[in-house]
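# Commentary on secondary and tertiary structure
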Amino acid sequence: MIMAEPVSRKAASEREPGAEESAPQPVEEMVLVKRARQGDLSAYDELVRRYQERIYATVYHMTSNHEDANDLAQEAFIKGFQALKSFKGGSSFYTWVYRIAVNKTINFLKQRKNKAQLSLDDLDFNAEHDPDLVALISEKTPRREVNLAELQEKLNSAMQKLSEPHRLVVTLHDVQGLSHEEIAEIMDCNIGTVRSRLFYARQQLQAYLSDYLK
Amino acid sequence: MNPEQENFHDLRRLLALKRHEQPPPGYFNDFSQQVIARIRAEEHLGPQSLFERMGWEAPWLLRIWSALETKPVVAGVFGMGVCGILLAGMLYSQSVEPTPGTELIGTSISAPALATVQSESAGPVLGQAVGFDLSKTGGVAAAQMRASLFRQFRAQQVGIEPASFTQPVGGN
């Protein structure tokens, strides 16, 4: 199972025509938000369940630290509940809570500067069978002896060298599969800025990881 | 394929590795319950602190605060600004000369309510001694004293005898 399933793919899979007709229809997000705003914690619990994996994944890829990601993701949801009254519904709840998580993470990273410590999640079983990754390792790279765990550590170290906005764009686009428009909305900037940040961040990463790329 | 995407093809393949990073098994099973438990705990703790509430009402305050915390230059400039304002205030207060008659402003009792209460409770002695009409709100002019309160009080002390606590002999 891929943890951070891109939003577009996930949405597509939810609309699959082959899905069972008898499956219970998920409650509308806005209905849950309305109930949660009135203090219904079970409704908020449902909202948390819907987005916990994606929010955790974003924070984790930004911090490269499981414990920090756990704290920040929880705090983002708590802050989301406390601030529900200020949620006007101009965007989806998902985008809104995403923005809270991202802002919290960026503030945290600014304070944590110079004491970054990696605490990486394990790779799942599927990683060894991912054709892209198998190809990457078996290709004639300058470091043929590299294994997945080492590659994971190098990749995370390289990510940590990027500035927070650049790391965020790479995380949201290349890891989580969000569109430029969604990223622009989350980061509260225009699409051009997203594109230019993405280009610069990829250039930086390519330079840091040149030993592991063709 | 877009040439830009082609340039970064290998990098994107490598970045796909991050999608396979997984938290410990079962981690998400009780994640939402932990969030809800923390929300309940914070609700029992009572209302949020003033700082937190200000953060919700005016997020720009938090942004300024985090800038002060994380950027020493901003904190330095802010500190210098505060010192500058203090110095300017001190210099200004020294350069302004007090106008004649303003010394009495502090002693004027102008509240009619206070005047009524005081004149009723203190009786004729205080009204006479202080020598101004407490029921008027005239301020400075009314506050000019005619005589000392203590002199008047001493004059009335003539008929007062000290109390004696010794029991008379043969008394019950």
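Sequence order as written defines the numbering, with residues in each chain counted from 1. Working convention: letters from A go to chains and numbers from 1 go to ligands, in the order in which they are written. Since the coordinates come from a predicted model, pLDDT governs what is reported: local features require at least 70, and pairs of side-chain atoms require 80 or more to be given and counted, while whole-chain, interface and lining totals use all residues.

### Comments concerning the overall build of chain A
To be explicit about the condition: The numbering of helices and of strands both runs from the N terminus, where a helix is a DSSP run of H or I of at least 4 residues and a strand a run of E of at least 2. Working definition of burial: number of other C-beta atoms within 10 Å of the residue's own, with buried at 20 or more, exposed at 12 or fewer, and partly exposed in between, all C-beta atoms being placed from the backbone. Once C-beta atoms have been placed from the backbone, residue pairs whose C-beta atoms lie within 7 Å are recorded as contacts.
When helices and strands are counted, chain A shows 10 helices and 1 strand. Ordering the α and β elements of chain A from the N terminus gives α-α-α-α-α-β-α-α-α-α-α. Out of the 214 residues belonging to chain A, those deemed buried represent 35%. Across chain A, every contact between residues at least 6 apart in sequence was considered, and the portion connecting residues at least 24 apart equals 72%.

### Some thoughts on the overall build of chain B
Each helix and strand counted, chain B has 8 helices and 1 strand in total. Written out in order from the N terminus, the α and β elements of chain B read α-α-β-α-α-α-α-α-α. For chain B, the proportion of its 172 residues judged to be buried stands at 9%. When contacts within chain B are restricted to residue pairs at least 6 apart in sequence, long-range pairs at least 24 apart make up 30% of them.

### Comments concerning the interface of chain A and chain B
By convention, interface size is frequently given as the accessible area that disappears when the constituent parts associate. Spelled out, the test is: Nonpolar residues are Ala, Val, Leu, Ile, Met, Phe, Trp, Tyr, Cys and Pro. Charged residues are Asp, Glu, Lys and Arg, and all others, Gly as well, are polar. Strand pairing is assigned whenever DSSP identifies at least 2 bridges connecting the two strands.
Every contact between the two is made by 46 residues of chain A and, on the other side, 28 residues of chain B. Where the side of chain A that touches chain B is concerned, the elements lending two or more residues are helix H3 (41–63), helix H4 (66–82), helix H5 (93–112), strand E1 (122–123), helix H6 (131–138), helix H7 (148–161), helix H8 (164–175) and helix H10 (191–208) of chain A. Per-element tally for the side of chain A that touches chain B: the top contributor is H3 of chain A, with 9 residues. The residue makeup of the side of chain A that touches chain B, split by class, is 24 nonpolar, 10 polar and 12 charged. Of the strand pairs in this sheet, E1 of chain A and strand E1 (residues 21–22) of chain B are connected by 2 bridges, and their pairing is antiparallel. Bridge assignment links Asp-122 of chain A to a residue of E1 of chain B, and that residue is Gln-22 of chain B.

### What to know about helix H6 (residues 72–95) of chain B
Going by this rule: By definition here, a helix of n residues has an expected span of 1.5 Å times n minus one.
The end-to-end C-alpha distance of H6 of chain B, which contains 24 residues, comes to 34 Å, matching closely the 34 Å that a straight helix rising 1.5 Å per residue would cover. The buried fraction of H6 of chain B amounts to 0 of the 24 residues, a small share that puts the element mostly on the outside.

### With respect to the nonpolar core
Residue and element names in this part refer to chain A. Inclusion rule: Residues enter a nonpolar core if they are buried, belong to Ala, Val, Leu, Ile, Met, Phe, Trp, Tyr or Cys, and are joined to the set through C-beta atoms within 7 Å.
The biggest cluster of nonpolar side chains holds 55 residues, and the ones touching the most others in it are Ile-55, Val-59, Ala-73 and Ala-101. Looking at this core element by element, the count peaks at 10 residues for H3. Sequence-distant contacts of Ala-101, that is, excluding residues within four places in its chain, are made with Ile-55, Thr-58, Val-59, Leu-72, Ala-73 and Ala-76.

### Quick word on unusual backbone geometry
Residue and element names in this part refer to chain A. Here the phi dihedral of Ser-64 falls at roughly 55 degrees; this positive angle occurs in a residue that is not glycine. Considering the arrangement of structural elements, one finds Ser-64 in the loop between H3 and H4. Backbone geometry places Asp-188, a non-glycine residue, at a positive phi of 55 degrees. Among the secondary structure elements, Asp-188 is positioned in the loop between helix H9 (180–187) and H10.

### Brief notes about the confidence of the model for chain B
Residues and elements named next belong to chain B. The condition that has to hold: pLDDT gives the predictor's per-residue confidence on a scale running from 0 to 100.
Summarising the model, chain B shows a mean pLDDT of 68, and 44% of its residues fall at 70 or more. The secondary structure element of chain B with the lowest average pLDDT is helix H7 (residues 112–130), at 48, and the one with the highest is H6, at 91. Scored below 50 in pLDDT, residues 113–117 makes 5 contacts in the model with residues more than four places away or belonging to other chains. Counting contacts from residues 138–143, a segment whose pLDDT is below 50, to residues more than four positions away or on other chains yields 13 contacts. Note on the complex model: pTM 0.60, ipTM 0.76.

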